[in-house]
Each structure stands twice: as structure tokens, then as C-alpha cells.
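# A look at the structure
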Amino acid sequence: MKTHSKATKSLNIFIVFVISILSINASASETEGVISISPKQCIALNQGNLCYVDIEITWSLQEQGNYCLFSSQQESSLQCWQGKRAGDFAREIVAKDNVVFSLKPQNSKIILGSAKLEMAWVYKKNNRSHSTWRMF
Amino acid sequence: MKKSERKVITILTLSLLAFNSSQLWAEAEQNQEDLSGGFLKVGLGYKFDQNPYEDERNGLAMFLVGRYQMENGLFVEASYGANQRQEGLNIGYNFYNTTHWNFDLTTIQAFVSTEIIANFVDDEGILEPFTVIDKSGASEMLGLRATGNFGNTNVQFLVAPVLLNNDYDDGVYASLWVGHSWQLKNWGINATTGIEYRSEEILEHYFEPSAALQSAGVPSYDATSGFDVTAQVSASYPISENILFESYVRYTDFADSITDSPIIRATSQIPERNEAKTEVGILFSYVF
């Protein structure tokens, strides 16, 4: 009986732990401004690792027009829309550094809105603590 | 020369070697401050553990791994129920570093505290629990450790010739570990293999049947030195900056000198025990 209640208590702690993990993940998809990105963070195991994330970008403006989406990873546009006031874009992003996405009118350098995909990691680079020890 | 005198001389020699090396190679060494800092990882999850020492474990388990190094090179490492080596609490001094190598003087648990209880039939035919090994003190030793980091491959050598507690004559514990990691998308996959040597003095202390056991009919046994071989595969996935999902499988083939001991021969036949150690874990970890 005592063992049973101990096991139930341990199970409850485990469930709370899992729920808190899921709630942390869920909070990463808020929207803001002209352009929004979800998720906002890409999490790698080690600082300096390539990080892989499937992102979804949505944008909306008051005026219809021809707009293009750009990223700091490349000079050419990711996608352009003709005669639209809203759009969305989905792709897997692979990066080591933060990536900034910006929406511009076609053939213009004016930035109408931007959103940042931040790189994050669990283990910092240049810190011996895990690289020499975690492996084992 | 008395045993205690020999021990003091060996400790002093190792310490002087460490400190002198630190001075001699000061110009070539990597900045010590760069290596300061640490982490603490606490995990909760499922663990399956079958070995010759205890009944099979199959259920919820806590895991703890941590390391902190100060700017002066002193460090503390802790590993309890971890999916890596289970070495308890150790302290040490990181005395020399190059781009690829870290050299430490460190304490090491060469053998954990061990108590094995088995059931024996007494003269009246009644099954009685009997403590066949009762070594409550772990073998805390002092040794030199070299760890090499070559991209995704790590190697580690350790030689510990000094027993810090006076439970038995000094033995030698040595280990060699090699690990390699791969990245598959955001998953980290690690494969590690290691070989651990324990000299006759260490294994005699733990695995030779006591006089009480021998008088109860257990045959005498002269343990020799031996090598344990371990292989582990693990996978980690970062859920957030602080939370990891981890899983691992680990297998240890114990030295013949251990498995040939009449104690282990008898206890490994007990249901829910095995001559080798198999460990499987699935856990969520919080990294501070």
C-alpha cells in the first residue's frame, strides 16, 4: 500500500514534468505585427550545430499589392505574391545563426515588416563541461 | 616502507606532477578561464537495469549529472543513476589544457559500494537471506586523466594508482573510453565504448568469499585482475533550451575474474539477475 502511494506520487511528479515541457513548447507560436513566424526559436543540442526547423510565416497588409519575402540567408526572394494583401510561407530552415525574414514590395528595398528566427542551444560551445563528459 | 607512507608519497608525487606540468607548460596551455563554468542536469524517467548485484529494476528513476569548474582549475563532478558512468561525486584539478586535450588530477570511484544479498538454505532447510558481499565503502581512488576532443570523437584515459580509503592495499584502476557523436537533424546520437581495468587487490576485496561464507560451504576463490567492457548508444533531442528528451541502451560484460567468483556464479542465477549488466533508459532532463 505504501509502495503503491509512493509510485502514484512519483507518477504525478512525472506527469507535471511532462505537462510543463509541453506548455513551454506551445508558447512559441505567438503572432505580432505585419509578419509573424512560428516557431520563433530553433533549438540545437550544441552551440554551433546546424539547427533544423520547419517554420511557417504569415503576413498581412492593408493594401493589395505585389510583395516578396526575403531571408538573411540568401539574396534572392523566397517567394513573391501578386495582387495579395496576405500570404503564408512554409519551409524547413537549416541554420547556425539567427535568420531574419523580411517582407518588401516587389522591386523595392523598403522593409514593410520583419520577423526573426532565433538560434538557441542546450550546451554552450567552448565549455568543457559537457563535451568531455556528457559523452560518457 | 609502511603502506600509509607509500600512499602519501604517491599522492604528493601525483600532485607535484600536476602542478609542475601546469607551470612548465603554462605558455602553451589553453586559457583556463575559457574552461570554467559548468552544468547540472536532472532527469526523470523510466529505467530498466539488470545486473548480478541487485534484483531487476524496472520503473521510474531519477538521474543526475553535473560538473562545475572554477577559474583556477578545481572542479567537482557528480553522476548518480546517470545514463553515463555512475561515478558518484568526484573532485579534481584541471592542470593542463591544449586545443585537443584536457589533463586532470581527479578522484574516481573505481568500484561502487557493493552489497549483495542472496537466499541460502540453512541446515534446517529454511530459505534465509544472507549478505554474501558487504562492502559499504566505495573504492575512492586518485588518478591522472587525459581527455582528448577531436571534432565529434572523444577519447579518455585514466590511471588511478592510489586508494584514498584504507579498506585494502592500493590497487590500480585504469580505463580507456572512446566516444563518437553524430547529428541527425536536431537529434544527437552518441556511441561510446570503454574498457576498465581493476587490479587483483580491488577485485580480491570485493569478490573473494569471506571466511563466514567459506565456513558455510562456499568454495574459496582467488580473484585476479580483470577488464570490464562497456558499450552504450544514446540519443538526445532538445525540446527547449533547458529540456532534453534522452534515451540510451548500455551493456557491460564483466571481467571473468568477477563472473567466475562463486558469489557471482550463485547470485547471477537468481531470477531477475544476470551475469552481465544491461541498462535501458528513457527520460526527460532539465539542464541548468
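Residues numbered from 1 in each chain as written. Chains lettered and ligands numbered in written order. Predicted model: local features only at pLDDT ≥ 70, side-chain atom pairs only at ≥ 80, totals over all residues. Heavy atoms only, no water.

### Remarks on the overall build of chain A
- Looking only at helices and strands, chain A features 2 helices and 6 strands.
- N-terminal to C-terminal, the α/β element order of chain A is α-β-β-β-β-β-β-α.
- Going through the 136 residues of chain A one by one, you find that 35% of them count as buried.
- Partitioning the contacts of chain A with sequence separation of at least 6, the portion at a separation of at least 24 is 53%.
- For chain A, the exposed surface amounts to about 8,100 Å²; the carbon and sulfur share of it is 51%. (Helix = DSSP H or I, 4+ residues; strand = E, 2+ residues; numbered from the N terminus. Buried < 20%, exposed > 50% of the residue type's maximum accessible area, 1.4 Å probe, protein only. Contact = heavy atoms within 4.5 Å. Areas by Shrake-Rupley, 256 points an atom, 1.4 Å probe, with all protein chains shown as cover.)

### Side note on the sheet that holds strand S3 (residues 74–80) of chain B
All names here are of chain B.
- The strand order around the closed barrel formed by 12 strands is S1-S2-S3-S4-S5-S8-S9-S10-S11-S12-S13-S14, and the pairing between neighbours is antiparallel. Neighbouring strand axes in the sheet, compared pairwise and without regard to direction, differ in orientation by 20° on average.
- Taken together, the 12 bridges between strand S10 (residues 173–184) and strand S11 (residues 187–198) define a ladder with antiparallel strand orientation. Considered in S11, the bridge of Ser-181 is made with Asn-190.
- Contacts from helix H2 (residues 200–207) reach strand S5 (101–111), strand S8 (139–150), S10, S11 and strand S12 (226–238) within the one sheet, and its direction differs from that of S5 by about 30°. (Pairing = 2+ DSSP bridges. Axes fitted to C-alpha atoms, helices over the stretch in contact; angles between N-to-C directions.)

### Concerning the packing of aromatic side chains
All names here are of chain B.
- Taken as a whole and assessed by the stated rule, the structure comprises 19 aromatic pairs over all chains.
- Between Trp-101 and Phe-157 the ring centres are 6.2 Å apart and the planes differ by 20°, which places this aromatic pair in the stacked class. Of this pair, Trp-101 sits in strand S5 while Phe-157 sits in strand S9 (residues 153–163), placing them 56 residues apart in sequence.
- Overall, the relative accessible area of 41% leaves Phe-157 in the partly exposed class.
- Taken together, a centroid distance of 6.5 Å and an interplanar angle of 50° make the contact between Tyr-206 and Phe-207 tilted. Residue Tyr-206 shares its accessibility class with Phe-207, and that shared class is buried.
- Ring-pair connections join several aromatic residues into one group, and the members of that group are Phe-95, Tyr-96, Trp-101, Phe-103, Phe-150 and Phe-157. (Phe/Tyr/Trp six-rings, centres within 6.5 Å; stacked < 30°, edge-to-face > 60°.)

### Topic: the confidence of the model for chain A
Residue and element names in this part refer to chain A.
- Put simply, chain A has an average pLDDT of 80, and 68% of its residues get 70 or more.
- Scored below 50 in pLDDT, residues 20–32 shows 14 contacts in the model against residues more than four places distant or in partner chains.
- Ignoring residues within four places in sequence, the model shows residues 131–136, a span with pLDDT below 50, making 41 contacts including any to other chains. (pLDDT = per-residue confidence, 0-100.)

### Things to note about a nonpolar patch on the surface
All names here are of chain B.
- Taken together, the side chains of Tyr-68, Met-70, Leu-74, Val-76, Tyr-80, Leu-89 and Ile-91 present a nonpolar region at the surface, about 660 Å² in accessible area.
- When contributions to the nonpolar patch are tallied by element, the ones reaching two or more residues are S3 and strand S4 (88–97).
- Per-element tally for the nonpolar patch: the top contributor is S3, with 3 residues.
- Mapped onto the elements, Tyr-68 comes out in strand S2 (residues 57–69). (Patch = residues over 30% accessible without salt bridge, like charges linked within 9 Å, V, L, I, M, F, W, Y side chains within 5 Å. Salt bridge = Lys/Arg side-chain N within 4 Å of Asp/Glu carboxyl O.)

### Some words on the pattern of salt bridges
- Summed over all chains, the structure comprises 13 salt bridges over all chains.
- The residue B:Lys185 makes a salt bridge to A:Glu92 at a minimum N-O spacing of 2.6 Å. Within this pair, whereas B:Lys185 is found in the loop between S10 and S11, its partner A:Glu92 is found in strand S4 (residues 74–95), the two belonging to separate chains.
- Using a relative accessible area of 32% as the deciding quantity, one classes A:Glu92 as partly exposed.
- Between B:Asp104 and B:Arg145 there is a salt bridge, and its shortest N-O distance comes to 3.1 Å. You can see B:Asp104 sitting in strand S5 and its partner B:Arg145 sitting in strand S8, a full 41 residues away along the chain.

### Brief notes about the state of the cysteines
Residues and elements named next belong to chain A.
- This model, assessed by the stated rule, comprises 2 disulfides over all chains.
- Sulfur-sulfur distance for the disulfide between Cys-42 and Cys-51 comes to 2.0 Å. On the S-S bond that ties Cys-42 to Cys-51, the torsion sits near -100°, and the link is left-handed. Each member of the pair Cys-42 and Cys-51 is classed as buried.
- By sequence-ordered numbering of the bonded cysteines, chain A has its disulfides arranged as 1-2, 3-4. (Disulfide = S-S within 2.5 Å.)

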